[in-house]
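Chain by chain, the residues run as shown.
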Amino acid sequence: MKHIRNFCIIAHIDHGKSTLADRLLDFTGSVTEREKQDQLLDSMDLERERGITIKSHAIQMEYTYEGQEYILNLIDTPGHVDFSYEVSRSIAACEGALLIVDAAQSIQAQTISNLYLALENDLEIIPVLNKVDLPSANPEEVTDDIVDLLGCDPEEVIHASGKTGFGVDNILAAVIERIPAPEGSYDEPLQALIFDSVYNPFRGVETYFRVMNGSIKKGQRIKFVATGNEYNADEVGTLKLNQVVKKEIKTGDVGYLITGIKDAREVKVGDTITDAKEPTTNAIEGFEDVKPMVFAGIYPVDTEDYEELRNSMEKLQLNDASLVFTPESSAALGFGFRCGFLGMLHMEIIQERLEREFNMTVITTVPNVSYHAYTKKNPDEIIIVNNPSDLPDPSSLDRVEEPYIKATIITKSDFVGNVMSLCIEKRGLITNQTYLTTERVELSFDMPLAEIVFDFYDRLKTVSKGYASFDYSPIGMRASKLVRVDILLNAQTVDALSALIHFDNAYTIGKKMCEKLKELIPRQQFDIPIQAAIGAKIISRETIKALRKDVTAKCYGGDISRKRKLLEKQKKGKKRMRQVGNVEIPQQAFMAVLKLN
Ligand code: GDP
Ligand code: MG
């Protein structure tokens, strides 16, 4: 135990965590020439393509320092705010953290939020000034920023480049010298923290854990404290690039466990593993179920594919426990699912995986947050509304609450005005403004989460010319004056297009939605009126003019044979259209409310 170091790397997205992790693996000889591949720890294809780390991963390195062999367990963490719960669990499994700061970008919103998480867990922080090879690097200034933030000495900041490998030896020395060895007692009952799990179609769910006390042995009867389930530890081992089977993983170390669990939902990140017969009395604190933040409908483009979609979603859920879904039906779209996601990125990832891994073509409806509604009749009973069309009749409503967040934005002083106007437009209330340096400002707002879902990131990027970083954390539900804006096409309500909108913005947004839909829905053989309504009251109207007859004959006449349909399904970049009544609606139209400017 004396010679184990458990550490993670935390940083704002793109500051170079994954690249630096690769260099550490190189330098310690943890990968062979043949295994070398950029960003080794990002194993999911999607992660590689998008250059982001979605799931955290752990890897064990061996390193000899001043004649002594050490075991270094590195836990890579995702940088995106959608996955911040995973960051907090990986942090809890460590004694130290490398805090990576891009030498050109300096401190950003997630640098700070991750640092706070690490400090809350009493981690030793090793500041690393990364990307010093960049011509645009500002090593002196950024070192000053880091010193200000941490209250450390400038000498403690390690200069490095994940690209060239410069400074990697100093980082390893600091990991060994500055990060304390794990504590804990081998003689106590098993207490291990689950910080991640990965689904393997052949072996079932692999659970990654850190042993705090006791040890976990092959064949041991174990219990997961939060779920109460018992299992046999069929296999345990350490995480090298490949798994290395062991008989026992002892106090302080990190490893994997295989128990034959087939469903990722049984393994909850943050749960405690203990001995079934002699359970620990101190389960690790702070276990939380991950809650979905954003909901949307997912429907098959072809109604016949409903069962296939259900199968695919079930399989996806086996390996992504944060995905939740329940069947729903929409008058417009037929049978589909209401799905809950951690955030917008998670939603995109699920949609993409459905397409790539399961070859499904789906329509996703406008995402929304989860509301609490209360009726006059039962003002104390919460009605959870995950779909705007489930909102009780306005006349029966007492009040509606929506989730609020604390948003933290770091930007340059030049853009403070722009960022403030944007946040105020998004119903934000400023709560704090701090100058980090003369040029860099941290702004805090209380804002409705729904406003972040709608087009916030892109707008923030635009108004700040890219010089703003953003992070948020939930702060609970607040009452808001929300109304449901419905959209009617051809005088029929399309339930999938309904949205809950603040009363003050409802007219403007209703109008913009009609205009946007007019742009997005292709002209057909007949005039299509588009209306926005609040209850029975029409608040806006547009008309899509009919095409001239001779043109439409060719496009829309005749039956499409089954074979051609199948062929089209295979074709990439296929058109996603959904027939609603007698109107064909393209996928973009279902998302229209997201991009109204
Ligand atoms: P992460 O999001 O923190 O994991 O960041 P990545 O490791 O994926 O790196 C983000 C981008 O920065 C990639 O394009 C890397 O090639 C680049 N990058 C990472 N480290 C360095 C570095 O030390 N120098 C330079 N010039 N580029 C780097
Ligand atoms: Mg990464």
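As shown above, the structure is provided for reference.
Presented here is a report on the structure given in the accompanying data block. (Residues numbered from 1 in each chain as written. Chains lettered and ligands numbered in written order. Predicted model: local features only at pLDDT ≥ 70, side-chain atom pairs only at ≥ 80, totals over all residues. Heavy atoms only, no water.)

Judged by pairing direction, the sheet is antiparallel, and its 4 strands sit side by side in the order E18-E19-E17-E20 without closing on themselves. The strands lining the two open edges of the sheet, one partner per strand, are strand E18 (324-330) and strand E20 (362-364). Averaged over all pairs of adjacent strands, the angle between their axes in this sheet comes to 30°, without regard to strand direction. As paired strands, strand E17 (residues 294-300) and E20 are joined by 3 bridges and run antiparallel to one another. Its bridge partner lying in E20, Pro300 is registered against Val362. Contacting E17, strand E19 (334-341) and E20, helix H8 (residues 344-358) runs over the sheet at an angle of about 170° to E20. (Pairing = 2+ DSSP bridges. Helix = DSSP H or I, 4+ residues; strand = E, 2+ residues; numbered from the N terminus. Axes fitted to C-alpha atoms, helices over the stretch in contact; angles between N-to-C directions. Contact = heavy atoms within 4.5 Å.)

What follows is about the packing of helix H7 (residues 306-319) against H8. H8 packs onto H7 with a crossing angle of 110° between their chain directions and a minimal axis gap of 11 Å. It follows that H7 is roughly perpendicular to H8 by the angle criterion. Once H7 is placed against H8, the crossing between them reads as right-handed. Of the residues in H8, those in contact with Glu308, Leu309, Ser312, Met313, Lys315, Leu316 and Asn319 of H7 are Ile350, Arg353, Leu354 and Phe358. Among the residues forming the contact of H7 with H8, the class breakdown is 6 nonpolar, 2 polar and 3 charged. (Parallel < 35°, antiparallel > 145°, perpendicular 65-115°, else oblique. Left-handed = near helix turned anticlockwise from the far one by under 90°. Nonpolar A, V, L, I, M, F, W, Y, C, P; charged D, E, K, R; others polar.)

In the vicinity of ligand 1 lie 16 residues, with Asp14, Lys17, Thr19, Asp133 and Gly162 positioned nearest. Here a nitrogen atom of ligand 1 sits 2.7 Å away from a polar atom, N or O, in the side chain of Asp133. Between ligand 1 and Ser161 there is a distance of 3.2 Å, counted from an oxygen atom to a side-chain nitrogen or oxygen. Protein burial of ligand 1: of its 580 Å² of free accessible surface, 79% is covered by the chains. By residue number, the principal contributor to the shell around ligand 1 is helix H1 (residues 17-27), which donates 3 residues. Of the residues assigned to the shell around ligand 1, the class counts are 2 nonpolar, 9 polar and 5 charged. (Near = heavy atom within 4 Å. Polar contact = N/O pair within 3.5 Å; in protein donor to acceptor, adjacent residues only side chain to side chain. Areas by Shrake-Rupley, 256 points an atom, 1.4 Å probe, with all protein chains shown as cover.)

In this structure, Glu451 sits in helix H10 (residues 449-453). By relative accessible area, Glu451 is classed as buried at 11%. (Buried < 20%, exposed > 50% of the residue type's maximum accessible area, 1.4 Å probe, protein only.)

Turning to the sheet that holds strand E10 (residues 221-224), a few remarks are in order. Strand order in the open sheet made by the 8 strands is E11-E10-E16-E7-E8-E15-E12-E13, with antiparallel pairing throughout. Sheet topology places strand E11 (230-232) and strand E13 (243-246) at the edges, where each strand pairs with a single neighbour. The sheet shows a mean angle of 40° between the axes of neighbouring strands, taken without regard to direction. Of the strand pairs in this sheet, strand E7 (residues 191-200) and strand E8 (residues 204-213) are connected by 9 bridges, and their pairing is antiparallel. The residue of E8 that forms the bridge with Ser197 is Thr207.

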